[in-house]
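Fold and contact review
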Amino acid sequence: MNGNDRAGEFGPIYLPALQRIRDLWLELEPLVDETGYDDVVSPTELQISLNDGLGNAESARLDIQWSELGMYSFHYVDSDDVNWRFDRHPNTHSPEIHFHRPPEAATTDAESSCIDVTEVSLVTRAVHAMWRAAYEDGDIEQLNSASNPP
């Protein structure tokens, strides 16, 4: 996600939330290969690498941001260059809590997110559940299809 996608305040990155998200993905997902931050001194993003991706993708990565204001972005990209995002932030193109569809995750294609919860652990579990369902069934249409996951 780039800064042009946001209108209004996102807020400073909240490191304890990124640590909780990392811990949950490590607990929930056996395909996690490694985790890390974009900057060890002043992280702005958690990166989670997966050993597999959706469809024919051989690997994938989630780039995650969570702010002190409870704003977030879970951005998926894989080795087949498929992108999608679950976001919560002020903007001019969609509801505050929204989903950017694959394969491009284009800013202009955002739609309402099926994730209504806002607490860090619940949002993380919901994103994981949506990814896992799409992965197991090989169907990217399942990414934003649940009724208020988790």
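Higher on the page you've got the structure.
In short, a report on the structure.

Reading the values: the criteria
- Residues numbered from 1 in each chain as written.
- Predicted model: local features only at pLDDT ≥ 70, side-chain atom pairs only at ≥ 80, totals over all residues.
- Heavy atoms only, no water.
- Buried < 20%, exposed > 50% of the residue type's maximum accessible area, 1.4 Å probe, protein only.
- Helix = DSSP H or I, 4+ residues; strand = E, 2+ residues; numbered from the N terminus.
- Pairing = 2+ DSSP bridges.
- Axes fitted to C-alpha atoms, helices over the stretch in contact; angles between N-to-C directions.
- Contact = heavy atoms within 4.5 Å.
- Expected span 1.5 Å × (residues − 1).

Turning our eyes to something else, we now look at the pairing of strand S3 (residues 60-66). Here S3 lies mainly inside the structure; 6 of its 7 residues are buried. Taken together, the 5 bridges between strand S2 (residues 46-50) and S3 define a ladder with antiparallel strand orientation. Paired with Ile-48 across the two strands is Leu-62, which belongs to S3. Following S3, the chain reverses through 5 residues before pairing antiparallel with strand S4 (residues 72-78); Gly-70 in that reversal takes a positive phi of roughly 85°.

Turning next to the sheet that holds strand S1 (residues 32-37). Across the sheet, which stays open at both edges, the 7 strands sit in the order S1-S2-S3-S4-S5-S6-S7 with antiparallel pairing between neighbours. Unpaired on one side and paired on the other, S1 and strand S7 (110-112) mark the two borders of the sheet. Averaged over all neighbouring strand pairs, the angle between strand axes comes to 15°, with direction disregarded. In terms of strand pairing, S1 meets S2 through 5 bridges, oriented antiparallel. Paired with Tyr-37 across the strands is Leu-46, a residue of S2. Where helix H1 (residues 15-28) meets the sheet, it contacts S1, S2, S3 and S4, and its direction lies at approximately 170° from that of S1. With respect to the sheet, helix H2 (residues 120-137) is in contact with S2, S3, S4 and strand S5 (83-88), its orientation differing from that of S4 by roughly 25°.

Let us look at H2. Quick reminder: α-helices carry 3.6 residues per turn. Residues three or four places apart thus point the same way. For H2, built from 18 residues, the straight-helix expectation of 26 Å at 1.5 Å per residue is met to within 8% by its first-to-last C-alpha distance of 26 Å. Buried within H2 are the following residues: Val-120, Ser-121, Val-123, Thr-124, Ala-126, Val-127, His-128, Met-130, Trp-131, Arg-132 and Ala-134. On its buried side, H2 packs onto H1, S2, S3, S4 and S5. Phi turns positive, to about 60°, at Gly-138, one or two residues after H2.

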